Structures are given as C-alpha cells and as structure tokens.
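Topology and contacts: notes
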Amino acid sequence: MKSIVVIGATQGTGRELAAEYARRGARVVITGRSAERAEEVAAGIDGDVTGLALDLTRPAEIGDALKSVESVDRVAVVGMVRDVNTLADYDVARAVELSTTKVVGYTTVAAVLRERMTPDASVLLFGGLAKDYPYPGSTTLTAVNAALVGVVRTLSVELAPVRVNSIHPGGIEDSPFWQDKPEALEFGRKQTLTGRLGTMRDIVDGCVFLLENPFATGINLSLDGGRH
C-alpha cells in the first residue's frame, strides 16, 4: 500500500487526485488551509483519507503541520493562490503571498518530508501555462510558474533517486475555478489543437503518469491540448 500527501486538495484537481489514489488503495493525506474543511473533504472520499491544516503562505509552520506524516511514497503540491495583479495597480502584499506559496512553500514541503520519503518516492509540483502565455496582470504568476522549472531541476538532483516533476495544465473545463468564466473557456478552447479543453480527469491522468513512471524525473509537462 502506497501513501500520498496531496497539499491543497479540498477542491478541484487536488481533490480528484486524492480520490484517485484512495480508489487505488493508497493511504492518503490531504491538506487545506482550514482543518475543519480538510477533515470534511477527507470524510467525503471513500478510503483511508486524513485531512490536515496547512497554509503554504506560512512556510515556517509547514514542519509542524506535517509532523504526523510518517513514511511517504508520493507527494503532490497542488495548492495555489490565484492572482491578477497589473502593474498599473500593483499589490505588493498579494505578489509576496503568491511568490511565497509557489516557490518557498512548495520547496519547504519537499524539504520537510525529504527524510520520510521512500527510495522510490516521487514529488509532483503544480504550475500553470501563464509561464508560457502571459497576460496583463500575470507578471507575478508568470514568474513563479517559470520558477518552478528551476525548482524541479534542482530538487530532482538534490533529492535523487526520489523523482521530481511538475505539471502545467491548460484551461480545465470542469474545474470549479473556471465555472463562471465562459468567455475565457471559449477563448482557451479555440487555442487548442484538440478543439477542446482539458478536464480534471485529463489532468489527474497526467499527474499519475509523472508520479508513477519510474523513469520520469526532471520533467516539466505542459498539458494543454497543443495550445498554439
């Protein structure tokens, strides 16, 4: 039986990834900012699932948040902070929060759990296509998602033989975040070569490949329907 920790799994793709591993018989730990919410979501997933409180914007507290986690085979860091922050009205506090979450927070999770990872463990970090396709207000988001490419390169060396990869999804049609953005979804659909947007199931399949393929490490996978 494998064990997996999914950071940021109280909704959307993170929850779907946790549910997939629970179906496979893994011991699953999910986290959210609220202990109550994480426990509620964990109770709603069939299988051996535990919910913990963890806030990626407070990396100094991540060690304490994960102290109950013992040996771990898979780590997926999905949690993020959404941000549209234009230069005309640049909010420094929001920019620092996002940068802390995706660079310092993600790296801290790996650092905290490194001695508890099994020799065939793997780590997956979530980025996004803003790293390749910037838009007004995405400066900080584009920068931190691009930074994950460097984080993967260094962690895959430093943690070897533990494997480290990242996934950068395009628009996810059935994700809760996109449900009230039909115009953005239609624009994204027109940019793909497949003529459709991704689903959470598509992204989970990509996650499982990166987490489970024993020869996959140092990969930054854009899963975007061939956006052009």
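To be clear, the structure that these remarks concern was listed above.
Rules of the game
- Residues numbered from 1 in each chain as written.
- Predicted model: local features only at pLDDT ≥ 70, side-chain atom pairs only at ≥ 80, totals over all residues.
- Heavy atoms only, no water.
- Helix = DSSP H or I, 4+ residues; strand = E, 2+ residues; numbered from the N terminus.
- Rg over C-alpha atoms; globule rule 2.2 N^0.38 Å.
- Buried < 20%, exposed > 50% of the residue type's maximum accessible area, 1.4 Å probe, protein only.
- Contact = heavy atoms within 4.5 Å.
- Axes fitted to C-alpha atoms, helices over the stretch in contact; angles between N-to-C directions.
- Parallel < 35°, antiparallel > 145°, perpendicular 65-115°, else oblique.
- Left-handed = near helix turned anticlockwise from the far one by under 90°.
- Patch = residues over 30% accessible without salt bridge, like charges linked within 9 Å, V, L, I, M, F, W, Y side chains within 5 Å.
- Areas by Shrake-Rupley, 256 points an atom, 1.4 Å probe, with all protein chains shown as cover.
- Salt bridge = Lys/Arg side-chain N within 4 Å of Asp/Glu carboxyl O.
- Core = buried A, V, L, I, M, F, W, Y, C linked by side-chain atoms within 4.5 Å.
- Expected span 1.5 Å × (residues − 1).
- Bend = angle between axes of the 7 residues up to and from the residue.
- Polar contact = N/O pair within 3.5 Å; in protein donor to acceptor, adjacent residues only side chain to side chain.

A short note on the overall build of the protein chain
A tally of helices and strands in the protein chain yields seven helices and seven strands. For 228 residues, the compact-globule estimate of 2.2 N^0.38 gives 17 Å, and the protein chain sits close to it at 17 Å. The C-alpha extent of the protein chain, read off along each of the three principal axes, is 45 × 35 × 35 Å. Taking all 228 residues of the protein chain together, 49% fall into the buried category. Sequence separation of 24 or more characterises 70% of the internal contacts of the protein chain that already satisfy a separation of 6 or more.

Some words on the packing of helix H4 (residues 92-113) against helix H5 (residues 139-158)
Where H4 meets H5, the axes come as close as 10 Å, and the angle between the chain directions of the two elements is 15 degrees. Taken together, the axes of H4 and H5 lie roughly parallel to each other. Of the two possible hands of crossing, H4 and H5 adopt the one that is right-handed. Residues Ala95, Leu98, Ser99, Lys102, Val103, Tyr106, Thr107 and Ala110 of H4 lie in contact with H5, whose contacting residues are Thr140, Leu141, Val144, Asn145, Ala147, Leu148, Val151 and Leu155.

A closer look at a nonpolar patch on the surface
A contiguous nonpolar surface patch, about 410 Å² in accessible area, is contributed by Leu87, Tyr90, Val92 and Val96. Residue position: Leu87 is located in the loop between strand E4 (72-77) and H4. For Leu87, a relative accessible area of 67% gives the class exposed.

A short note on the nonpolar core
Judged by nonpolar contacts, the single largest core of 55 residues is most densely connected at Val28, Leu66, Val109 and Leu125. Those residues in contact with Val109 that lie beyond four places of it in its chain are Ile7, Leu56, Ile62, Leu66, Val75 and Val77. Residues Val81, Leu98, Leu141 and Val144 belong to the second largest nonpolar core, which totals five residues.

Examining the environment of Met1
Mapped onto the fold, Met1 is located in the segment before strand E1 (3-7). In the structure, Met1 is positioned 107 residues away from Thr108 in sequence and 26 Å away in space, judged by C-alpha atoms. Setting aside anything within four residues of it in sequence, one finds Met1 in contact with Gly25, Ala26, Arg27 and Asp73.

A few points about unusual backbone geometry
Residue Pro161 is reached from Ala160 by a cis peptide bond, and omega for that bond is 10 degrees. In this structure, Pro161 sits in the loop between H5 and strand E6 (163-169).

Thoughts on H4
A rise of 1.5 Å per residue sets the reference length of H4, with its 22 residues, at 32 Å; its end C-alpha atoms lie 30 Å apart and thus fit the reference within 8%. The largest bend in H4 comes to about 35 degrees, at Thr100. Buried residues along H4 sit in contact with E1, helix H3 (62-65), E4, strand E5 (117-126) and H5. Where H4 begins, the capping side chain belongs to Asp91, and its oxygen is found 3.1 Å from the backbone nitrogen of Ala93.

Details of the environment of Glu16
Summarising the element assignment, Glu16 is placed in helix H1 (residues 12-23). Excluding anything up to four places from it in sequence, Glu16 contacts Arg23, Met200 and Val204.

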